[in-house]
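# Residue-level structural notes
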Amino acid sequence: MIRGHAGRCSGCELRMDDCELKVVFWPKPMHLASMKLPLHGVLVAGVACLLVLGSGMLRHALDEPYSIHEWRQRDALSQTLRYMEPGRGLLEPAMHFQHADGGRGAGEFTGVYYLNAHLWKAFGRPVPWTLRWTQAIALLFGLLALSRAVQRWSGSQRAGPWAAWAVLASPLIQFYGVNYLVNPSALMAVFVAWWMWAQSESGGQRRLMWAIGAAACLLVAGLLRPTMLLGGLPLVVRWWSRRNVGWASALLLGAAVVFGTGAWVMWAKSYNAQHQSFYFLTTLRPLWDTPDWRAVWDSLTAV
């Protein structure tokens, strides 16, 4: 019989007993001096929390529509309420508007209202604040996506969080970020598209899937607000310099986004004409056709 002896190395213990070799590991003690706290991340997170708490985003998170654009906020409530009616499908949007056939009419893509109507059915009653929290979830994901996209494109770990903080600090985001209007969600969809496109630039077998995801998010942004398609211009520039996907794929993805957005706009115009609805603006109104451009300027500067 052979009796062994025990030896030690840093982080483990080597034992040989009765011709059996045993290696026992234990965690290496961590010293506080060796811990590196991301102070810039803590600072950004702290400032963001102060902004959220100080701006009233959480204080009003359960409130009904109020203040600027209250009438548009109530449009969102109205469309969601109409979707609660039995048998009303996604492509049958309506609101409480008397100057149309049964209040039928469409503007932006109504999927957000349709989803919240089903949430209200699950609650058994209308719960207006779910519309606010739908936008809040989109805001969170959008800011995280913007941070990651800027980090990858700039090569700086600090630039991303500060970019997200700068967007969060905007007074418009402070008021509309957790609100009833879908405009911020459209912008956040653009940010998610940027992050997915940045992922596609890293190469690998999944770069086409990431590019498709970016196009899908950009399409969502366009459906909610067609002007948000301008957010695709940075991706065009990045693709021209990187060529992370081929010509054919890039053209197909771009065409799908443009034609998908255009298809919804044309359908909405046809739907409104069919039901004599003139509530929603589904056409372009250039500045030079404005009857009183000074009144438009005064309304913008007076906010």
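Residues numbered from 1 in each chain as written. Predicted model: local features only at pLDDT ≥ 70, side-chain atom pairs only at ≥ 80, totals over all residues. Heavy atoms only, no water.

Right, let's talk about the nonpolar core for a bit. Formed by 33 residues in total, the largest nonpolar core has its most connected members in Leu139, Leu143, Val167, Met188, Trp194 and Trp197. Of all the elements in the fold, those that place two or more residues in this core are α4 (129-154), α5 (159-168), α7 (183-200), α8 (207-224), α9 (233-242) and α10 (247-274). Per-element accounting of this core gives the leading share, nine residues, to α7. Setting aside anything within four residues of it in sequence, one finds Leu139 in contact with Met57, Ile173, Gly177, Val178 and Met188. Counting 13 residues, the second largest nonpolar core, distinct from the first, contains Leu77, Ala117, Trp120 and Leu224. (Core = buried A, V, L, I, M, F, W, Y, C linked by side-chain atoms within 4.5 Å. Buried < 20%, exposed > 50% of the residue type's maximum accessible area, 1.4 Å probe, protein only. Helix = DSSP H or I, 4+ residues; strand = E, 2+ residues; numbered from the N terminus. Contact = heavy atoms within 4.5 Å.)

Time to look at the packing of α8 against α10. A pair of packed helices is captured by two measures, namely the crossing angle of their axes and the spacing between those axes. Running from amino to carboxyl end, α8 crosses α10 at an angle of 20°, the nearest separation of the two axes being 9 Å. Considering their axes alone, α8 and α10 lie roughly parallel with respect to each other. Here the hand of the crossing between α8 and α10 comes out right-handed. Every residue of α10 that contacts α8 at Leu208, Ala211, Ile212, Ala215, Leu218, Leu219, Gly222 and Leu223 is listed here: Ser249, Leu253, Ala256, Val257, Gly260, Thr261 and Trp264. Residues that form the contact of α8 with α10 fall into these classes: eleven nonpolar, four polar and no charged. (Axes fitted to C-alpha atoms, helices over the stretch in contact; angles between N-to-C directions. Parallel < 35°, antiparallel > 145°, perpendicular 65-115°, else oblique. Left-handed = near helix turned anticlockwise from the far one by under 90°. Nonpolar A, V, L, I, M, F, W, Y, C, P; charged D, E, K, R; others polar.)

Here the focus is the packing of aromatic side chains. Under the definition given, this model contains 14 aromatic pairs. With centroids separated by 5.2 Å and ring planes inclined at 80°, the aromatic side chains of Tyr83 and Tyr114 adopt a geometry described as edge-to-face. Placement of the pair is Tyr83 in helix α2 (residues 70-83) and Tyr114 in helix α3 (residues 111-123), with a sequence separation of 31 residues. For Tyr114, a relative accessible area of 26% corresponds to the partly exposed category. Their ring planes at 65° and their centres at 6.2 Å tell us that Phe123 and Trp129 sit as a pair that is edge-to-face. Residue class for Phe123 comes out partly exposed when judged on its relative accessible area of 48%. Note on Trp129: relative accessible area 32%, which makes it partly exposed. Following the ring pairs from residue to residue traces out a cluster consisting of Phe109, Trp264, Trp267 and Tyr271. (Phe/Tyr/Trp six-rings, centres within 6.5 Å; stacked < 30°, edge-to-face > 60°.)

Turning our eyes to something else, we now look at the side chain of Gln79. Within the element layout of this structure, Gln79 appears in helix α2. Not counting the four nearest positions on each side in its chain, Gln79 is found in contact with Ala94, Met95, Glu108, Thr110, Tyr113 and Phe280.

These figures come from the coordinates and say nothing about function on their own.
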